Structure formats: C-alpha cells, structure tokens
Amino acid sequence: MEIKNILRLDRDYEKLRGQRNAILVAMVRLHVNPNDHDLKRYDGEWRDEKGNLLCDDEINGVFIQLIFVGEKGIPFSVLRKYRKTGWDFYNERIGSEFCFEIKNRRR
C-alpha cells in the first residue's frame, strides 16, 4: 500500500497558483527575521472571500524552506519551522509527490 504524502497548509496561498499536487525537489535551512518583507509577502499572501489580498503574521526564526514543482510546472516554496525530525522527514521524501490539504479554502 502506497503512503500518501500530505502537505497541510493554512490557506490557499497565491504562490500555489491553483496547484494541488507537487514534487518536492529540494530543501534548505533558512534564517528568517521580521525584516525579510519580500519573503514574508511571497510566503504568506492569500485572498479572503472578498478578494482582498492579505498576508500572514510575522515569521521569525530558523525554518526549512521546501521547494516544490507543482502539477502545472510552477515552482513554489513552503516554510516549516526547523526541527531535526522535520528535516529528516522531508529529506527522505525529496523526489516524492505531495498533495495539499488546505484548511481555509476560498469560497
């Protein structure tokens, strides 16, 4: 039986461009601080039910940046708080397909 890799996301982020599946192609350890405005905007932009562009709260600390190529061929990255167990988990899955589970879908 095949194990399904699920990437849980809080929102339907703009960077996804409607993609719902992707291959994990790389990952890096990244130090992020609240002054990294471009990264914060890229990582956290989403639209509410009225179409207003919003952004997630400040991010700060050490993260794993997961780099994916989606089913439309559009690359994007996702940040996860760095933990050794998380690093090992994702590192073993480079080259694997992930599907997305989005908590707050647009209506």
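Above this note sits the structure.
This section reports on the structure supplied with the text. Here the structure is a predicted model, which is why all the values come from computation and not from measurement. (Residues numbered from 1 in each chain as written. Predicted model: local features only at pLDDT ≥ 70, side-chain atom pairs only at ≥ 80, totals over all residues. Heavy atoms only, no water.)

## Thoughts on the packing of aromatic side chains
Under the definition given, this model contains seven aromatic pairs. Seen from their ring centres, Phe-68 and Phe-100 are 6.4 Å apart, and the 85 degrees between their planes marks the pair as edge-to-face. Here Phe-68, found in strand 5 (residues 61–70), pairs with Phe-100, found in strand 7 (residues 97–104); they are 32 residues apart in sequence, far enough to count as distant. A relative accessible area of 0% places Phe-68 in the buried class. Relative to Phe-100, the ring of Phe-76 lies with its centre 5.7 Å away and its plane at 80 degrees, an arrangement referred to as edge-to-face. Taken together, the residues span a long stretch of sequence, with Phe-76 in strand 6 (residues 75–81) and Phe-100 in strand 7 at a distance of 24 residues. Here the two residues Phe-76 and Phe-100 agree in accessibility, since each one is buried. One aromatic cluster is present, built from ring pairs that chain together Phe-68, Phe-76, Phe-89, Tyr-90, Phe-98 and Phe-100. Between the NZ or CZ atom of Arg-11 and the centre of the ring of Trp-46, over which it lies, the distance is 3.9 Å. Of note, Arg-29 hangs over the ring of Tyr-82, and the distance from its end group to the ring centre comes to 4.2 Å. (Phe/Tyr/Trp six-rings, centres within 6.5 Å; stacked < 30°, edge-to-face > 60°. Helix = DSSP H or I, 4+ residues; strand = E, 2+ residues; numbered from the N terminus. Buried < 20%, exposed > 50% of the residue type's maximum accessible area, 1.4 Å probe, protein only. Lys NZ or Arg CZ within 6 Å of the ring centre and 35° of its normal.)

## Observations concerning the pattern of salt bridges
Scanning the entire structure with this criterion turns up 10 salt bridges. The partner of Arg-8 in a salt bridge is Glu-101, with the nearest N and O atoms 3.1 Å apart. Separated by 93 residues along the polypeptide, Arg-8 in strand 1 (residues 5–11) and Glu-101 in strand 7 bring together distant segments of the chain. For Arg-8, a relative accessible area of 52% puts it in the exposed group. For Glu-101, a relative accessible area of 39% gives the class partly exposed. The residue Lys-15 makes a salt bridge to Asp-43 at a minimum N-O spacing of 2.6 Å. Of this pair, Lys-15 sits in the loop between strand 1 and strand 2 (21–32) while Asp-43 sits in helix 1 (residues 37–44); the two residues are 28 residues apart in sequence, bridging distant segments of the chain. (Salt bridge = Lys/Arg side-chain N within 4 Å of Asp/Glu carboxyl O.)

## Digging into a nonpolar patch on the surface
A cluster of nonpolar side chains, Ile-23, Val-25 and Val-69, forms an exposed patch at the surface whose accessible area comes to about 190 Å². For Val-69, the location among the structural elements is in strand 5. On the accessibility criterion, Val-69 (30% relative accessible area) is partly exposed. (Patch = residues over 30% accessible without salt bridge, like charges linked within 9 Å, V, L, I, M, F, W, Y side chains within 5 Å. Areas by Shrake-Rupley, 256 points an atom, 1.4 Å probe, with all protein chains shown as cover.)

## Notes on the side chain of Lys-15
Taking the relative accessible area as the measure of exposure, Lys-15 reaches 8% and is therefore buried. In terms of polar contacts, Lys-15 uses its side chain to reach the backbone carbonyl oxygen of Ser-77, at 2.9 Å. If near-sequence neighbours (up to four positions away) are discounted, Lys-15 is found in contact with Tyr-42, Asp-43, Phe-76, Ser-77 and Val-78. (Polar contact = N/O pair within 3.5 Å; in protein donor to acceptor, adjacent residues only side chain to side chain. Contact = heavy atoms within 4.5 Å.)

## What to know about the nonpolar core
With 17 residues, the main nonpolar core has Leu-7, Leu-9, Leu-66, Phe-68 and Phe-100 as its most contacted residues. If you list the elements that add at least two residues to this core, you get strand 1, strand 2, strand 5, strand 6 and strand 7. When near neighbours in sequence (up to four residues on either side) are disregarded, Phe-68 contacts Leu-7, Ala-22, Ile-23, Leu-24, Val-25, Ile-74, Pro-75, Phe-76, Val-78 and Phe-98. (Core = buried A, V, L, I, M, F, W, Y, C linked by side-chain atoms within 4.5 Å.)

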